Amino acid sequence: MVDVDINGKIHRRSAGWDTHYFGNSNRNPFTWDPKTSPYHILDMSYTAMLMLDWYTELEKDERLLNYSKSYAESLLRIQRPDGYFPSWLSLGDQKDMEILSKSPESAMSVSFLLKLYQVLPDEKYKNAALKALSVIEDEIVPIGKWEDFETYWSCSRYGHDSLVDKKFVRNNMFKQNTLSIYYVAHAFMEAYRVTNEQAYLMKGQRVMDELLMWQAVWQPSFIYIHALGGFGVMNADAEWNDSRQSLFAELIMEYGKELDRKDYMERGISALKASFVMMYSPENIDTKEQWQRRWPFFGEKDYGFMMENYGHDGRTDANGIGIGEFTIYDWGNGAAAEAVNRVIDHWGPDFMDKW
């Protein structure tokens, strides 16, 4: 993007596709520049896990498997002696940058390695994953240290310069993010699938129960869209009905199935439904009204537009305050559509009727 002068006003415009480059997420402690942002292991492990999902569920493209295997070998080489995986590696020498390197972000690498083990049953993948999961179980879960990149270096940056790895004195709690809780619950479910050990399922349930404390099970009077089933973001942020509920929904259902918990199934399906609540469409009558009060020019051609959450700035009212101004396909309407399609593929088109 570059600044250009148009009739005396400065506007941001794209410099064109021929200026493209490959970079990393700028949601990090070091720089806002994607060109110089360090490697983020969480992002890479999640991407590799999705590649394995594509390989196992959609098409047996050997390039996906080969890349995943190559990445796994690199991941094993950087595992710390204590079991964690680093959060960020420097671009030049790929060294551990020592921020959040002992955090629940490692759980995503656990899930990836265990997923790979199910395709290529090499014990080194399982052993490395379970070693990391063990230290997360011992050091993260008991004290609720649910920190990750978003907790400090995304929209709500409060405490990024003073609270990392520290508790608030006032309430003896860390700044917490629900994504971290999800990563760990996901990792325990993968460990249970691989080992069939009931202990992993029970430990995962303990983490899942903490995650479910963040789900809206009521309709507050100060929220002017439907909140039931939606998820909050963190304990120092304001968003309701965040897109992460589309990420959480099927995992909640999986725990419900394994534990024979109908209430979990209801919560998972509610999260899936809540994933569509922010969509501007005639089906969402209350939400549609809020959109049009905030942006009166909205009309039929805008159906499907969707903000990632509600109350992003910490304020709401009946006249559209709380409705956002941007959309992100893979953290909004695209994520919701992907989630429901995935559940239909895995559970059948009549999954809601079964519970």
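These lines cover the structure that appears in this document, whether it is placed above or below. The structure presented is a predicted model; accordingly, all values stated were derived computationally and were not measured.

Some remarks on the pattern of salt bridges
The final tally for this structure, using the stated rule, is 20 salt bridges. Note that R244 is salt-bridged to D242, the shortest N-O span being 2.7 Å. For the pair shown, R244 and D242 are each scored as buried.

Some details on the nonpolar core
The tendency in soluble globular proteins is for nonpolar side chains to be buried as a group. Residues F112, L113, M208 and Y255 are the most contacted members of the largest nonpolar core, which totals 79 residues. Ignoring sequence-local partners within four residues, the contact set of L113 consists of A72, L75, L76, F85, Y125, A128 and A129.

Some points on the layout of surface pockets
Roughly 570 Å³ of internal volume is contained in the second largest pocket. Around the second largest pocket, the lining comprises 21 residues; the ones closest to its centre are N24, Y39, M44, Y67 and Y71. When residues of the lining of the second largest pocket are traced back to their parent elements, those giving at least two are β3 (39–40), α1 (41–57) and α2 (62–78). Of the residues that constitute the lining of the second largest pocket, the class distribution is 12 nonpolar, 8 polar and 1 charged.

Some thoughts on unusual backbone geometry
The phi dihedral of E98 falls on the positive side, at around 65°, and the residue is not glycine. With respect to the helices, strands and loops of the structure, E98 is situated in the loop between β4 (88–89) and α3 (106–119). The phi angle at L100 is positive, at roughly 55°, despite the residue not being glycine. Along the chain, L100 turns up in the loop between β4 and α3.

Remarks on the side chain of Q79
Mapped onto the fold, Q79 is located in the loop between α2 and β4. Excluding its chain neighbours within four sequence positions, the residues that come into contact with Q79 are Y84, F85, A128, K131 and A132.

Let's talk about the pairing of strand β2 (residues 9–13)
The side chains of a regular strand alternate between both faces of the sheet. Pairing of strand β1 (residues 2–6) with β2 involves 5 bridges; the strand directions are antiparallel. When the sheet's bridge partners are listed, I6 is paired in β2 with K9.

Digging into the environment of S281
You can see S281 is positioned in the loop between α9 (262–274) and α10 (285–294). On a C-alpha basis, the gap between S281 and T327 in space is 14 Å, while along the polypeptide they are 46 residues apart. Once residues lying within four places of it in the same chain are set aside, the contact partners of S281 are K288 and Y303.

Definitions and cut-offs
- Residues numbered from 1 in each chain as written.
- Predicted model: local features only at pLDDT ≥ 70, side-chain atom pairs only at ≥ 80, totals over all residues.
- Heavy atoms only, no water.
- Salt bridge = Lys/Arg side-chain N within 4 Å of Asp/Glu carboxyl O.
- Buried < 20%, exposed > 50% of the residue type's maximum accessible area, 1.4 Å probe, protein only.
- Core = buried A, V, L, I, M, F, W, Y, C linked by side-chain atoms within 4.5 Å.
- Contact = heavy atoms within 4.5 Å.
- 1 Å grid on protein atoms, 1.4 Å probe; cavity = no way out; pocket = protein on both sides within 12 Å on 5 of 7 lines; lining within 4 Å.
- Points joined across faces, edges and corners; volume = space filled by probe spheres on them.
- Helix = DSSP H or I, 4+ residues; strand = E, 2+ residues; numbered from the N terminus.
- Nonpolar A, V, L, I, M, F, W, Y, C, P; charged D, E, K, R; others polar.
- Pairing = 2+ DSSP bridges.

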